[in-house]
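Read off the chains here:
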Amino acid sequence: MSIFEKLFGGENSKQMPDVFWNYLEDIAELEAIKIESFEKPVAIFKHSITCGISKMAWNQFQKNYNISKDQMSLYYLDLLARRSISNEIASRFGVVHQSPQLIVIKDGKAIYHSSHENINATDLERFI
């Protein structure tokens, strides 16, 4: 594997590695996420598969995430494939677009967001 593939991922990096992630693929899903957030917090991880910083944040997040899917739902947004959804998230929840970015939705509102090196999975424990 080349250094480029190690940093940015190869062909397999386009697949989600863990079952606890839900793909966010349609703008209509944002309304369902909003409704779900009244039952439990929802986290959206916005990721660019070609960005080294995003890849590092993604790997670190997955390594440290330790919350049951019964306590929080996780959604993954591929920014390269679904930029329009990212724009709608910014508009609907009042959060300026960044990449990578982690956003927590609770009771229909964005209550937390972080980006780049500030993304920390353990920060989410305070929202459950």
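Structure: see above.
Our subject in this report is the structure included herewith. (Residues numbered from 1 in each chain as written. Predicted model: local features only at pLDDT ≥ 70, side-chain atom pairs only at ≥ 80, totals over all residues. Heavy atoms only, no water.)

Details of unusual backbone geometry
- A cis amide bond, omega -5°, links Ser-99 with the succeeding residue Pro-100.
- In this fold, Pro-100 is placed in the loop between α4 (83-93) and β4 (101-106).
- Unlike most non-glycine residues, Asp-107 shows phi in positive territory, near 50°.
- If you trace the backbone, Asp-107 turns up in the loop between β4 and β5 (109-115).
- Phi angles above zero are rare outside glycine, and His-116 is one such case at about 50°.
- Tracing the sequence through the fold places His-116 in the segment after β5.
- Among the residues examined, His-116 registers a relative accessible area of 27% and is labelled partly exposed. (Helix = DSSP H or I, 4+ residues; strand = E, 2+ residues; numbered from the N terminus. Buried < 20%, exposed > 50% of the residue type's maximum accessible area, 1.4 Å probe, protein only.)

Focus: α4
- By the burial criterion, the buried members of α4 are Ile-85, Ser-86, Ile-89 and Phe-93. For α4, the buried positions fall inside an angular range of 105° around the axis, keeping them on one side.
- For α4, the secondary structure elements touched by its buried residues are α2 (29-36), β2 (42-47), β3 (73-78), β4 and β5.
- In the segment just after α4, Gly-94 is the residue with positive phi, at about 65°. (Arc of directions from axis to C-beta. Contact = heavy atoms within 4.5 Å.)

Interpretation in functional terms is not warranted from these geometric data alone.
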